[in-house]
Protein chains: 4
Amino acid sequence: MNFASDNTSGAHPAILEGLTAANEGHLHSYGDDPITEGVQAKIREIFEAPEARVYLVATGTAANALSCAVLTDPWGAIFCHRNAHIEEDECGAPEFYTNGSKLVLVDGPDAKMDADALARTIAHTGRGGIHNVQRGMVSITNSTEAGAVYSPEDVKALTDVARRYHLPVHMDGARFANALVAAGCTPAEMTWKAGVDVLSFGGTKNGCMAVEAVVIFDPKRAWEFELRRKRGGHLFSKHRFLAAQMQAYLADDLWLKTARHANEMARKLSEGIGQIEGAKLIHPTQANAVFAALPRGAHKRANAAGAYYYLWPFDQSLEGPEDELLAARLVCSWATTPEEIDAFLSHLA
Amino acid sequence: MNFASDNTSGAHPAILEGLTAANEGHLHSYGDDPITEGVQAKIREIFEAPEARVYLVATGTAANALSCAVLTDPWGAIFCHRNAHIEEDECGAPEFYTNGSKLVLVDGPDAKMDADALARTIAHTGRGGIHNVQRGMVSITNSTEAGAVYSPEDVKALTDVARRYHLPVHMDGARFANALVAAGCTPAEMTWKAGVDVLSFGGTKNGCMAVEAVVIFDPKRAWEFELRRKRGGHLFSKHRFLAAQMQAYLADDLWLKTARHANEMARKLSEGIGQIEGAKLIHPTQANAVFAALPRGAHKRANAAGAYYYLWPFDQSLEGPEDELLAARLVCSWATTPEEIDAFLSHLA
Amino acid sequence: MNFASDNTSGAHPAILEGLTAANEGHLHSYGDDPITEGVQAKIREIFEAPEARVYLVATGTAANALSCAVLTDPWGAIFCHRNAHIEEDECGAPEFYTNGSKLVLVDGPDAKMDADALARTIAHTGRGGIHNVQRGMVSITNSTEAGAVYSPEDVKALTDVARRYHLPVHMDGARFANALVAAGCTPAEMTWKAGVDVLSFGGTKNGCMAVEAVVIFDPKRAWEFELRRKRGGHLFSKHRFLAAQMQAYLADDLWLKTARHANEMARKLSEGIGQIEGAKLIHPTQANAVFAALPRGAHKRANAAGAYYYLWPFDQSLEGPEDELLAARLVCSWATTPEEIDAFLSHLA
Amino acid sequence: MNFASDNTSGAHPAILEGLTAANEGHLHSYGDDPITEGVQAKIREIFEAPEARVYLVATGTAANALSCAVLTDPWGAIFCHRNAHIEEDECGAPEFYTNGSKLVLVDGPDAKMDADALARTIAHTGRGGIHNVQRGMVSITNSTEAGAVYSPEDVKALTDVARRYHLPVHMDGARFANALVAAGCTPAEMTWKAGVDVLSFGGTKNGCMAVEAVVIFDPKRAWEFELRRKRGGHLFSKHRFLAAQMQAYLADDLWLKTARHANEMARKLSEGIGQIEGAKLIHPTQANAVFAALPRGAHKRANAAGAYYYLWPFDQSLEGPEDELLAARLVCSWATTPEEIDAFLSHLA
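Below: a short report on this structure. Bear in mind that the values here come from a model prediction, so they are computed numbers and not experimental data. (Residues numbered from 1 in each chain as written. Chains lettered and ligands numbered in written order. Predicted model: local features only at pLDDT ≥ 70, side-chain atom pairs only at ≥ 80, totals over all residues. Heavy atoms only, no water.)

## Section: the interface of chain D and chain C
Facing 49 residues of chain D, the contacting portion of chain C comprises 49 residues. Summed over both sides, the interface between chain D and chain C buries roughly 4,200 Å², with carbon and sulfur atoms accounting for 57% of that surface. The largest share of the area that chain D buries against chain C comes from H26(D), R231(D) and K238(D), three residues that together contribute 19% of it. Across the chain D-chain C interface, the total number found is 0 salt bridges. At the surface where chain D touches chain C, the tally comes to 32 residue pairs in polar contact (both at pLDDT 80 or more). Broken down by element, the residue count for the side of chain D that touches chain C peaks at 4 residues, all from helix α5 (residues 93-97) of chain D. A class-by-class count of the residues in the side of chain D that touches chain C yields 20 nonpolar, 20 polar and 9 charged. (Contact = heavy atoms within 4.5 Å. Buried area = accessible area lost by both parts, 1.4 Å probe. Salt bridge = Lys/Arg side-chain N within 4 Å of Asp/Glu carboxyl O. Polar contact = N/O pair within 3.5 Å; in protein donor to acceptor, adjacent residues only side chain to side chain. Helix = DSSP H or I, 4+ residues; strand = E, 2+ residues; numbered from the N terminus. Nonpolar A, V, L, I, M, F, W, Y, C, P; charged D, E, K, R; others polar.)

Take a look at the structure:
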């Protein structure tokens, strides 16, 4: 009963099999190998983007911060939601990689930027010319930190605003697969067809060990990305081991299957919570995370039974009245089982 | 017959077994797991350094650049050999992570800094007070980029100079194991007992997939390292997979065995080349790399037979007189076999 | 009738006389001269701070950004008001000099941080440990960008919050003199006695040509400041010309007289506006700036008569209904005359 | 008898008169004023460069570091002479402003880069692709730190090498006027006609108080320069006071007259030293600095008589044998008088 995050699970067995298969013999290092080339071709195919350039790194923070650094100058604002991962959970990595750009925060429910709020925020930024931080780029997290999903239309509404100001758009897709299967669209529809320039395409949270692809739809930014990746220490020498994970992840639609499973588990969990006396959802369950307020007594019972997850915000206390509502974040992954959920619900109830 | 680098081989089977074993069930992320804790304890034990702090990252460039960033201010010079990896092969990663420190280059044969040259260079730097880059730190690569090895006494001679100027000392040990078994000393003797403050302890080149440990002998620098690692995007979420590699690497002295093997293969190769008409070594073979000048005809035959390695410098041409000497770098690894070497030597001869 | 800013005026004649007097003969460069030493001693005396270190730079942005860089690590948050100059008007200079720290914004009326809001914001920041930007420092602008003044008690209320979290405190005193004479306290009471660690002590806006002093009350941060100043290109070679301005500025309390004059002019202007039909103040007039909403017709008349100032926000239009209220910022300086104000008021009325 | 530097003198009286004249009334701030516009037009005229963009800053380090930052990416090497001011005397300002580029050092006598050495150094840099720092830009100091002068042909020889690699070229002209009058050519011939893209055009050392112009011959780099200047804290609010200095400096060819005078004084000094028993020049005297080796006894006499200058390197000692030769740097400026020189020579002899 571990719902702390989708990164507390291990890797899907197919990923480890992929690594083992890739381990034979000598291969050129630094990405000049057939496994890497195959993965790049496969991602271009999946995204219907024959011109796209694809790079692999091992962490989501690296994927996001490097992406930002190629999309904005140091004096450019990065417009993102107030609760975006790049704002709240990366210890200033975007500021470090961009050499000091400013994240300018946009509001909206369920950690989704509202298009009007984005437009107002951009309009308000950089009006004073040389004295101000300039308008730099937009970053969209899909699925969001609150478990919500932008549809392609939602994305388009934001990128339309960005285009009005000639701003490039990044999508933080650490949970891209969860968003995609929830939206029921194609990878292309969710990204470049909706106006996204660079995608952090997550693998780690959805069943890999440690790999994310950065998909750069406009190839003219690619060489700068390569230099920044190397300079950031993110170019693997035995690159095959990044590529092999991604290869296995994409083979036979594993990535879609694991995401579908995680989303289904979240829906099951969400529905179960909906039937608990006094419980209520605080965000809609659209991907693989459930945000729900539950009576403290329920939390105490679940904790006592060994369930592991975060109160949200996490610095709340289990000490206090039994019937007071405390919010929690409950994340499902490829490894979550229906049995775990049933057991968990039985403790809550 | 691949001698291009010790990163063209795959991972030792024990490493993959370690990964598979570590894949069971849920574990806390970001290093708060028992495998990581075990590895940290094991490294403290191996280095006889109960106070040391140990951090894992996936690349040598990350290990080195983060180490430099905790050891010097942005205005501090990093004294290193002219051919150090941090100077020549990291695309400016140390400059990026330190926010602009200057690498001040020291001479010496076989890519080993000469202690007197180091002393002169440090003395010459920062004499002009506020106008100059200040003296920051010393970085020693062991084994060196030319395949030579510093003994503990050699290291001590350099750190004595550093101490005279109150400068901390980093050791780039991407090939630490190769240096260690060559020197025949203990890990402690090679590092903190010889005056090293922070070690990049390499795993990747010596049989791992992608893992390096940073060993910080003075724990007061540790928290800053943690922040810089996160901010650099180098903190793995599924951290167990870095730790599991290192666990397997250290178990049963695997790291020493693979290094001994690689060094022996290099010695065999070196001796074989010594018997080739017209060939000569251009650096002594002390670790796992051989630097030798060979007649162009020999290179052409080896190439034709499928041998793969770099001319050194690599931009020389195979076109030209058969008997002209061209230098080459030939690197052995845990995966190099005596048969490969015999076959290679037979083509050269 | 120029109320655009206190930097549209020239320098007070005494400043130019000071420059001329300082121009004789050879002097050591880079601040090693008796004029600089005299200024440093004088500022220590004025601030009753015999241990303080004093440095001169030519711009307020340099003073602020360098101060921030010595007070916080790159991963530290700078807590400041949402409308602080360092947030809105320096094109990201603090982010550049700190190598990417994040400005975390605090609310409060009249561009004054509310102490409770500061406490909440600090408490909310950095709770997630390594994943978050850490708590770095607090920066207080006095007088504020809305023309309000923090009393020593107001400052103390903020620094008490900062101390609770062991955070150092910077004061942006580009208009320090205006705040001081408004508060009717001593320089020491407004700064170190109220918990301020580093002060940007403005000269330019209050009658100098281009000089600001950075007063570092804790001398252990001084050498780092010197290095950052040089490295930022802010160390003047003919340093006497910064010092001579500051010498003249401080002599015979010129700085207090010019500030008192500017504040009195603002009060006169504010009172005059208060008597205009339909006008109203949008911030209290406590220092040398007046923020007032006036009927568009009044603005049009003043503009037609040659008055120069900014609508606030500046991107409003003079086109539209005559009686609609438009806000304006009107700044007085040492050079503002009562006659100008009378003339201006007569056009508005 | 002060020959320590051309920055130990004050400002030429005309500069202070210019400041005083500029002090009347209100003017727009931040460079949007007629004095600034006049100076920009005048510099375009002097350089026969109607498209050039001209920006003023207060220090040579700011001019150089900002210029480098617009000419190279962070991962680009700056090729410059081993003794260039940007390498030796700016505390790493270029590294700071560029966010970590590497200065790659070129040899040549008299602190002049040799074109062949430059070509070899560039060819050697960045050969390893992504692993290496890339080729970024070339920076030429004229006159050099050793008092030598590049002719337009010398400059052309270097920029031809740069062009072969598509590298932009910066000229550090802190002593541009001295070089120009020595070479006897036009400003255009020394700069853009010889292949220079951006010039730091010095005023401070040649008679101003504190002003340097950055002349950007290719206007497409201008907006980035403006943003970097602001972000670096180098945009003056009362900008007229930078412009007024430059206006007076350029009026009636004052800048050429002061440079000619300084060069003549250096020649007189150089010739006088040439007649001293045992003395010898260690660099040719081509601009306003003399580098000469003199018997220690001569130095002791001059010091005793109150002469002030630097031994070169400065950390030599006056203690020791009277007849041992010690080198010195002796710099003349607009303020140096023939009488000073005669007196100095009489003490040496």
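## Regarding the pairing of strand β7 (residues 212-216) of chain B
Residues and elements named next belong to chain B. By the criterion of burial, β7 is predominantly enclosed, with 5 of the 5 residues buried. Of the two faces of β7, both are covered, the one formed by E212, V214 and I216 as well as the one formed by A213 and V215. Pairing of strand β1 (residues 53-57) with β7 involves 5 bridges; the strand directions are antiparallel. Bridge pairing in β7 links V57 to E212. Pairing of strand β6 (residues 198-202) with β7, which is carried by 5 bridges, proceeds in the antiparallel orientation. Across the sheet, residue F201 finds its bridge partner in β7, namely A213. (Buried < 20%, exposed > 50% of the residue type's maximum accessible area, 1.4 Å probe, protein only. Pairing = 2+ DSSP bridges.)

## Let's talk about helix α3 (residues 60-71) of chain D
In an α-helix there are 3.6 residues to a turn, and that puts residues three or four apart on one side. All names here are of chain D. Helix length check: α3 (12 residues) gives 17 Å between terminal C-alpha atoms against 16 Å at 1.5 Å per residue, within 8%. Across the 12 residues of α3, 11 count as buried, placing the element largely inside the fold. For α3, every residue scored as buried is listed here: T61, A62, A63, N64, A65, L66, S67, C68, A69, V70 and L71. (Expected span 1.5 Å × (residues − 1).)

## Some remarks on the relation of the copies chain B and chain A
Two chain copies, one operation linking them: a rotation about an axis together with a shift along it. When chain B is fitted onto chain A, the two copies agree to an RMSD of 0.0 Å after a turn of 180° and an axial shift of 0.0 Å. One copy is carried onto the other by what is essentially a two-fold rotation axis. The position closest to the rotation axis in chain B is occupied by the C-alpha of G232(B), lying 3.5 Å away. Here 100% of the contact residues of chain B are again contact residues in chain A; the copies associate through an equivalent surface. (Least-squares fit on C-alpha atoms with pLDDT ≥ 70 in both.)

## Focus: the nonpolar core
Among the nonpolar cores identified, the biggest contains 137 residues, and F201(C) and F201(D) are the most heavily contacted of them. When near neighbours in sequence (up to four residues on either side) are disregarded, F201(D) contacts I43(D), F47(D), G173(D), F176(D), E212(D), A213(D), V215(D), M246(D), Y249(D), L250(D) and W255(D). Within the second largest apolar cluster, 136 residues are counted, among which are A22(A), W255(A), A52(B) and A179(B). (Core = buried A, V, L, I, M, F, W, Y, C linked by side-chain atoms within 4.5 Å.)

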